[in-house]
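Each chain, letter by letter, is given below.
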Amino acid sequence: MKIIKSSKALYDELNSLKINGKSIGFVPTMGYLHEGHIELIKQARVQNDIVVLSIFVNPLQFGPNEDFDTYPRDIDRDESIAVESGVDFLFYPSVDEMYPSKPTVTAVVNDKTNVLCGKMRPGHFDGVVTVVTKLFNIVQPQRAYFGLKDAQQVAVIHSLISDFNFPIELVEVPTVREKDGLAKSSRNVFLDANERIEAVEISRSLNMAKNMIDNGQYNTSVIKDEINKSLNKTSGKIDYVEIYSYPELKEINHIEGKFIIAIALKFSKARLIDNLIYSLN
Ligand code: AMP
């Protein structure tokens, strides 16, 4: 595995491989790798000749009172995991490499962001699409791998790819979970012992909602009320519990078609998100 910190160096390396007909699979991450990230890498490994993993904690997507400074980082551990998982190139740029000066031009998301994390984290998705645009231009992959744990991000990246004509296939990877159902996340390390037990309520309440729907309850207010009741049993603070059409992310009162049930729950040091994407047809 080659570790590359310069955009130009990575671009040049990959360019010569592409000239020789090699396909490139790209997995963008913020590091502190876990099995969720590894699953993305594994899928990229199977579908492409070359796998590029990026690790970059992107300051542009963090709000002023968010956890940019404390976001967990461990590049040595990440390097070993990347090697074991079959990564060919680890792109690990500094903030100065990605943003040598304050950007003059950034990308702005106009739809799908007035709800869920976009609403709770103003500017977050503008930061995401700006860095992903830069990374797409540096790597120019055939395929890019994104996790459905961040389902709103997947919806926004689909729009980025089609609106900006990136010749890239977005591969959606289902959420990888702990044995008890908690979605794997780099931020889970911020949970204390009691919160870690309580956090299971997030996936449990999503399963409960699925059972309600399977048993014919299609009224989204009733379903959301039940989820709220379950989550209120924890010490976490509910950021949102919503049911929207997916990937359009429009509010629905009645379950139909493809939809997402999305939850964000704030514990003392970790804001956790999870979702269920489901279709009645
Ligand atoms: P992050 O490092 O948290 O920005 O995540 C990098 C990529 O890994 C994103 O596409 C995430 O959606 C994906 N990811 C994070 N956690 C999981 C998980 N538990 N299962 C599947 N994909 C995940």
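### Structural notes on the packing of aromatic side chains
A full pass over the atoms with the stated rule returns seven aromatic pairs. On the basis of an interplanar angle of 75° and a centroid distance of 6.0 Å, the ring pair of F62 and Y71 is categorised as edge-to-face. Considered together, F62 and Y71 belong to a single accessibility category, that of buried residues. Ring plane angle 45° and centroid distance 6.5 Å describe the contact between F164 and F166, whose orientation is recorded as tilted.

### So, unusual backbone geometry
Cis geometry is adopted by the peptide bond preceding P247, which originates at Y246 and carries an omega value of 10°. Mapped onto the secondary structure, P247 falls in the loop between β7 (237-245) and β8 (258-266). Phi is positive for Y32, close to 55°, though the residue is something other than glycine. The residue Y32 is located in the loop between β2 (24-29) and α2 (35-47) in this model. Even without glycine at this site, K112 takes up a positive phi of about 70°. Secondary-structure assignment places K112 in the loop between α4 (95-98) and α5 (116-120). Its relative accessible area of 14% is what places K112 among the buried residues.

### Let's talk about the pattern of salt bridges
Scanning all chains against the criterion turns up 18 salt bridges. Where E13 meets K2, a salt bridge forms, and the shortest distance between an N and an O atom there is 3.0 Å. Taken together, the positions of E13 in helix α1 (residues 7-19) and K2 in strand β1 (residues 2-4) put the pair eleven residues apart, joining distant regions of the chain. Residue classification places E13 among the partly exposed residues on the basis of a relative accessible area of 26%. According to the relative accessible area criterion, K2 is partly exposed, its value standing at 42%. Between D239 and R271 there is a salt bridge whose closest N-O contact spans 2.6 Å. Here D239, found in strand β7, pairs with R271, found in strand β9 (residues 271-279); they are 32 residues apart in sequence, far enough to count as distant. Residue D239 is classed as buried on the basis of its relative accessible area, which comes to 13%.

### Thoughts on the site of the ligand
As a matter of local geometry, the ligand sits amid 17 residues, with M30, H37, D150, V176 and K184 nearest to it. Here V176 contributes a backbone N or O atom positioned 2.8 Å from a nitrogen atom of the ligand. Coverage of the ligand by the protein amounts to 93% of the 490 Å² it exposes when considered alone. Among the secondary structure elements, those contributing two or more residues to the shell around the ligand are β2, α2 and β5 (143-147). Here the shell around the ligand is built from residues that sort into seven nonpolar, seven polar and three charged.

### A few points about the sheet that holds β1
Strand order in the open sheet formed by six strands is β1-β4-β3-β2-β5-β6, and the pairing between neighbours is parallel. Two strands bound the open sheet, and with one partner strand each, they are β1 and β6 (169-173). Looking at each pair of strands side by side, their axes are set apart by 25° on average, direction ignored. Here β2 pairs with strand β3 (residues 50-55) via six bridges, running parallel. Along β3, the bridge assignment pairs V27 with L53. Contacts between α2 and the sheet are confined to β2, β3, β5 and β6, with β5 contributing the most and set at about 155° to the helix. Taken strand by strand, helix α7 (residues 151-163) contacts β5 and β6, and its axis lies near 170° from that of β6.

### Some details on the environment of E248
Topologically, E248 is positioned in the loop between β7 and β8. The exposure class of E248 is partly exposed, given its relative accessible area of 41%. As for E248 and Q152, which are separated by 96 residues in sequence, their C-alpha atoms are 9.5 Å apart. A distance of 3.4 Å separates the side chain of E248 from the side chain of S245, its partner in a polar contact.

### Thoughts on the domain arrangement of the chain
Split by domain assignment, the chain resolves into domain 1 (2-173) and domain 2 (186-279). Measuring from the centre of the C-alpha atoms in domain 1 to the corresponding centre in domain 2 gives 26 Å. Every contact between the two is made by 23 residues of domain 1 and, on the other side, 19 residues of domain 2. Taking both sides of the interface into account, the surface hidden between domain 1 and domain 2 amounts to around 1800 Å²; carbon and sulfur atoms contribute 60%. Of all residues in domain 1, L116, M120 and K149 bury the most surface against domain 2, accounting for 29% of the area lost on that side. The tally of links between domain 1 and domain 2 comes to two salt bridges. Across the domain 1-domain 2 interface, the total number found is seven residue pairs in polar contact (both at pLDDT 80 or more). For the side of domain 1 that touches domain 2, the elements supplying multiple residues, two or more each, are α5 and α7.

Conventions adopted
Residues numbered from 1 in each chain as written. Predicted model: local features only at pLDDT ≥ 70, side-chain atom pairs only at ≥ 80, totals over all residues. Heavy atoms only, no water. Phe/Tyr/Trp six-rings, centres within 6.5 Å; stacked < 30°, edge-to-face > 60°. Buried < 20%, exposed > 50% of the residue type's maximum accessible area, 1.4 Å probe, protein only. Helix = DSSP H or I, 4+ residues; strand = E, 2+ residues; numbered from the N terminus. Salt bridge = Lys/Arg side-chain N within 4 Å of Asp/Glu carboxyl O. Near = heavy atom within 4 Å. Polar contact = N/O pair within 3.5 Å; in protein donor to acceptor, adjacent residues only side chain to side chain. Areas by Shrake-Rupley, 256 points an atom, 1.4 Å probe, with all protein chains shown as cover. Nonpolar A, V, L, I, M, F, W, Y, C, P; charged D, E, K, R; others polar. Pairing = 2+ DSSP bridges. Axes fitted to C-alpha atoms, helices over the stretch in contact; angles between N-to-C directions. Contact = heavy atoms within 4.5 Å. Domains from an automatic or database assignment. Buried area = accessible area lost by both parts, 1.4 Å probe.

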